[in-house]
Amino acid sequence: MIGIISAMHDELAELLCVLKNKETVVLGNREYYTGTLQTKKVVLVFSKWGKVAAAITTTQLISRFSPSEIIFTGVAGAMDSQLNIGDLVYGTSLVQHDMDASPLFPKLEIPLLGITYINTNSNKSLFESVTLFQQNYLKHININEANEFGIQSPKIVSGIIASGDEFVSDANSFNNIKNSIPNLQCVEMEGAAVAQVCYEYKIPFSIIRIISDKADHSAPVDFPIFTKKVASKYAKGILENYCS
Ligand code: ADE
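Structure report, in brief. These numbers come from a predicted model, not from an experiment.

1. Observations regarding the site of the ligand
Phase 1: Around the ligand, the structure places 13 residues, and the nearest of them are Gly77, Phe167, Val168, Glu188 and Asp213.
Phase 2: The contact in question runs from a nitrogen atom of the ligand to an N or O atom on the backbone of Val168, over 2.8 Å.
Phase 3: The side chain of Asp213 places a nitrogen or oxygen atom 2.6 Å from a nitrogen atom of the ligand.
Phase 4: Considered on its own, the ligand offers 260 Å² of accessible surface; in the complex 96% of this is hidden by protein.
Phase 5: Counting atoms within 2 Å of the grid points, the majority share of the ligand lands in the largest cavity.

2. A word on the nonpolar core
A general tendency of soluble globular proteins is for nonpolar side chains to be buried together.
Phase 1: Formed by 36 residues in total, the largest nonpolar core has its most connected members in Ile4, Val42, Leu44, Leu88, Ile151, Phe226 and Tyr234.
Phase 2: With 9 residues, helix H8 (residues 223–243) is the largest single contributor of residues to this core.
Phase 3: Residue contacts for Val42: discarding those within four places in its chain leaves Met1, Ile2, Ile4, Leu19, Tyr33, Thr34, Gly35, Leu37 and Cys243.
Phase 4: Ile5, Ala7, Val43 and Val197 belong to the second-largest nonpolar core, a separate cluster that totals 33 residues.

3. Observations concerning the pattern of salt bridges
Phase 1: For the structure shown, the criterion picks out 9 salt bridges.
Phase 2: Residues Glu128 and Lys124 are paired through a salt bridge, measuring 3.4 Å at the closest nitrogen-oxygen approach. Here Glu128 and its partner Lys124 are both found in helix H3 (residues 124–135), 4 residues apart, which amounts to about one turn of the helix.
Phase 3: With a relative accessible area of 44%, Glu128 lands in the partly exposed category.
Phase 4: Shared partners join several salt bridges into a network, and the residues in it are Lys51, Asp98 and Asp165.

Criteria and thresholds
- Residues numbered from 1 in each chain as written.
- Predicted model: local features only at pLDDT ≥ 70, side-chain atom pairs only at ≥ 80, totals over all residues.
- Heavy atoms only, no water.
- Near = heavy atom within 4 Å.
- Polar contact = N/O pair within 3.5 Å; in protein donor to acceptor, adjacent residues only side chain to side chain.
- Areas by Shrake-Rupley, 256 points an atom, 1.4 Å probe, with all protein chains shown as cover.
- 1 Å grid on protein atoms, 1.4 Å probe; cavity = no way out; pocket = protein on both sides within 12 Å on 5 of 7 lines; lining within 4 Å.
- Sits in = over half its atoms within 2 Å of the grid points.
- Core = buried A, V, L, I, M, F, W, Y, C linked by side-chain atoms within 4.5 Å.
- Buried < 20%, exposed > 50% of the residue type's maximum accessible area, 1.4 Å probe, protein only.
- Helix = DSSP H or I, 4+ residues; strand = E, 2+ residues; numbered from the N terminus.
- Contact = heavy atoms within 4.5 Å.
- Salt bridge = Lys/Arg side-chain N within 4 Å of Asp/Glu carboxyl O.

Below is the structure:
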């Protein structure tokens, strides 16, 4: 069974529409939906927001459903100036930008694990599913919606994703994070927590983030509308490709 975690409830809604033989299990104030997506058995869940919430969601997912792998999808703020709204980041490693137990441990290092960056599973088939989606994105999202958000031939970038308990939207936070993590692509609020749980339980983990905003707030976006009209379709298109 593949565990699929979404950062937004609306993203899950599109996937739930195509989930066959759906059953719901309620655990710790979360709804886990099992069923079949295309040809694969999956369990879908909304992470909730922030690292603690995402860690709870992931730990319960692993303990109850023993997934063979976990894939996370959601939106993120761009930290690299080359990234535009609608581009895709395929995460290669995750870091908690607000982890700082110095002077006991180096800044950003996860205490007692002795690592700062957690690498994702290298998942060729998932990357191909993302590429297939990107090549045909207008089959999945409406051209008017693409135009509304200025999406024109979205690109895929592989790289580092940072997570922290902060919605990054001002230049000061943006610069602090950017200066402390070289080659950072994007920022969000859950991925590194999910990566740490998967690392400790030895579950292969992959993550795809869709750029919803520039994290210095130079390109404000209607977040709920973007998630509903765009990100949810990306998640559905990519994961249907992967599960077929
Ligand atoms: N998720 C989407 N955009 C974000 C941002 N700017 N900061 C944190 N999480 C995000």
